[in-house]
Amino acid sequence: QVQLVESGGGLVQAGDSLALSCAASGRTFGTYDMGWFRQAPGKEREFVATITWNRNTDYARSVKGRFTISRDNAKNTVYLQMNNLKPEDTAVYYCTARRAGQTGYEYWGQGTQVTVSS
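Now for a look at the structure at hand. Quick caveat, the model's predicted, so the values are computed rather than measured. (Residues numbered from 1 in each chain as written. Predicted model: local features only at pLDDT ≥ 70, side-chain atom pairs only at ≥ 80, totals over all residues. Heavy atoms only, no water.)

## Considering the sheet that holds strand E7 (residues 67-72)
Applicable threshold: Paired strands, in this sense, are two strands between which DSSP finds at least two bridges. Secondary structure elements are taken from DSSP: a helix is a run of H or I of four residues or more, a strand is a run of E of two residues or more, and numbering for both begins at the N terminus. As a rule, the C-alpha atoms of each element are fitted with a line to give its axis, helices using only the stretch in contact, and angles between N-to-C directions run from 0 to 180 degrees.
The strand order across the open sheet built from four strands is E1-E3-E8-E7, with neighbouring strands paired in antiparallel fashion. Where the open sheet ends on each side, the last strands, each with one partner, are strand E1 (4-7) and E7. Averaged over all adjacent pairs, the angle separating strand axes in this sheet is 15 degrees, with direction ignored. Note that E7 and strand E8 (residues 77-82) share six bridges and pair antiparallel. Paired with Thr68 across the bridge in E8 is Gln81.

## Here's the deal with the state of the cysteines
Our working rule: The term disulfide is used for any two cysteine sulfur atoms that are within 2.5 Å.
In this structure the tally under the stated criterion is one disulfide. There is a disulfide in this structure between Cys22 and Cys95, and the S-S distance comes to 2.1 Å. In this structure, the disulfide formed by Cys22 and Cys95 twists by about -80 degrees around the S-S bond and is classed as left-handed. Here Cys22, found in strand E3 (residues 18-24), pairs with Cys95, found in strand E9 (residues 91-99); they are 73 residues apart in sequence, far enough to count as distant.

## Some remarks on the packing of aromatic side chains
As a reminder of what qualifies: The criterion for an aromatic pair is that two Phe, Tyr or Trp rings (for Trp, the six-membered ring) have centres within 6.5 Å, with stacked assigned to planes under 30 degrees apart, edge-to-face to planes over 60 apart and tilted to the rest. Charge-over-ring placement is defined geometrically: NZ (Lys) or CZ (Arg) within 6 Å of the ring centre, and within 35 degrees of the ring normal.
Inspection of the entire model under this criterion finds five aromatic pairs. Site record: aromatic cluster; members linked through ring pairs are Phe37, Phe47, Tyr105 and Trp108. Its end group placed over the ring of Tyr94, Arg45 keeps NZ or CZ at 4.0 Å from the ring centre. The ring of Phe29 has Arg71 sitting right over it, with the charged end atom 4.6 Å from the ring centre.

## Structural notes on the pattern of salt bridges
Pairing between side chains of opposite charge can happen when their charged atoms approach one another. Applicable threshold: Whenever Lys or Arg places a side-chain nitrogen within 4 Å of a carboxyl oxygen from Asp or Glu, that contact is recorded as a salt bridge. Each residue gets one of three labels from its accessible area relative to the maximum for its type: buried under 20%, exposed over 50%, partly exposed in between, using a 1.4 Å probe on protein chains only.
Per the counting criterion, the structure on display carries five salt bridges. Taking the shortest distance from any N to any O, the salt bridge between Asp89 and Arg66 comes out at 2.8 Å. Of the two residues, Asp89 sits in the loop between E8 and E9 while Arg66 sits in the loop between strand E6 (57-59) and E7, which places them 23 residues apart along the sequence. You'll find Asp89 and Arg66 in the same group, each marked buried.

## A few points about the pairing of strand E11 (residues 112-117)
Burial along E11 is one-sided: the face carrying Thr112, Val114 and Val116 is buried and the face carrying Gln113, Thr115 and Ser117 is not. In the sheet, strand E2 (residues 10-13) pairs with E11 via four bridges, with the strands oriented parallel. Counterpart to Gly10 in the pairing with E11 is Val114. Strand direction decides the pairing type here: E9 and E11, joined by three bridges, are antiparallel. Considered in E11, the bridge of Val92 is made with Gln113.

## Considerations on the nonpolar core
Put simply, the test is: In these notes, a set of buried Ala, Val, Leu, Ile, Met, Phe, Trp, Tyr and Cys residues joined through side-chain atoms within 4.5 Å is what counts as a nonpolar core. Here, two residues are considered to be in contact whenever any of their heavy atoms come within 4.5 Å of each other.
Counting 31 residues, the largest nonpolar core has Leu4, Met34, Trp36, Val78, Leu80, Met82 and Tyr93 as its most contacted members. Among the elements of the structure, E3, strand E4 (32-39), strand E5 (46-51), E7, E8, E9 and E11 are those that each provide at least two residues to this core. Not counting chain neighbours up to four residues away, the residues in contact with Tyr93 comprise Glu6, Leu20, Trp36, Phe37, Arg38, Val48, Phe67, Leu80, Met82, Gly111, Thr112 and Val114.

Below, the structure written as structure tokens:
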């Protein structure tokens, strides 16, 4: 069982930057693929970014070039650096984890709100 706790959300203006963190429990963090999803009001949850256990990354087209996902295995933490934020980035951001080789994400955090004003 893995527990995920996000932090770093808040209210910012368009063009600002914000960094999210996700702390994971357990001693096998380095064997998990980690990801970020988001859900805006009235919309379905959507993929934002992922970083595999061996640090391969992938991004949604809407955030590529603005967001950066990274991980620190020594701290059991995954990060999402968000630059040049836009009002359409407003959503609850969820951290997620899956064991390497699994196709679906198994564990989810409680989410952190990001609000970008225009």
